[in-house]
Amino acid sequence: MIKSKNKSSVVKFVNSLELFGIGYSWGGFESLAILQDLKRKTEYTKGRQYYRFNKDEHIVRIHVGLEEPKDLIEDLKKSLRYIK
């Protein structure tokens, strides 16, 4: 969970990742990240029970692939500077 009053900074964090693609993992070998937005009521979330996040709480779903771990950590650290 990332606490930020500014959702656009969380989007910028995800978009600035260089070694992570954008999307959900379907069992592949590449690293992926996506902002998970469960705050909106949609057909998918209607009637489901899940943790309710506050306005300033955001989930970024990360799938770690086969890239060099040190490189992935550096990529995450570099992009965290956008979180405000």
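Above: the structure in question.
Residues numbered from 1 in each chain as written. Predicted model: local features only at pLDDT ≥ 70, side-chain atom pairs only at ≥ 80, totals over all residues. Heavy atoms only, no water.

**Things to note about the sheet that holds strand 3 (residues 32-36)**
- Taking strand neighbours across the sheet as the criterion, the four strands line up as 1-4-3-2 in an open arrangement whose pairing is mixed. Every other strand in the sheet has two partners, leaving strand 1 (2-3) and strand 2 (21-22) as the edge strands with one partner each.
- Note: strand 1 against strand 4 (residues 57-63), two bridges, orientation antiparallel. What sits directly across from Lys3, in strand 4, is Glu57.
- Helix 1 (residues 7-16) contacts strand 1, strand 2, strand 3 and strand 4 of the sheet and is inclined by roughly 165° relative to strand 3. (Pairing = 2+ DSSP bridges. Helix = DSSP H or I, 4+ residues; strand = E, 2+ residues; numbered from the N terminus. Contact = heavy atoms within 4.5 Å. Axes fitted to C-alpha atoms, helices over the stretch in contact; angles between N-to-C directions.)

**Observations concerning the pairing of strand 4**
- When strand 3 meets strand 4, the two strands line up antiparallel, connected through five bridges. By the bridge assignment, Leu35 is partnered in strand 4 with Val60.

**Brief notes about the side chain of Ser31**
- With respect to the element layout, Ser31 can be found in the loop between strand 2 and strand 3.
- Residue class for Ser31 comes out buried when judged on its relative accessible area of 1%.
- At 2.7 Å, the side chain of Ser31 forms a polar contact with the backbone nitrogen of Gly65.
- In contact with Ser31, other than residues within four places in its own chain, are Leu19, Phe20, Gly21, His63, Val64, Gly65, Glu67 and Leu72. (Buried < 20%, exposed > 50% of the residue type's maximum accessible area, 1.4 Å probe, protein only. Polar contact = N/O pair within 3.5 Å; in protein donor to acceptor, adjacent residues only side chain to side chain.)

**Structural notes on helix 2 (residues 69-79)**
- Residues Leu72, Asp75 and Ser79 constitute the buried set of helix 2. Looking straight down helix 2, one finds its buried side chains confined to an arc of 60°; they lie on one side. Every exposed residue of helix 2 that faces more than 90 degrees away from the buried side is listed here: Lys70 and Lys77.
- Buried residues along helix 2 sit against helix 1. (Arc of directions from axis to C-beta.)

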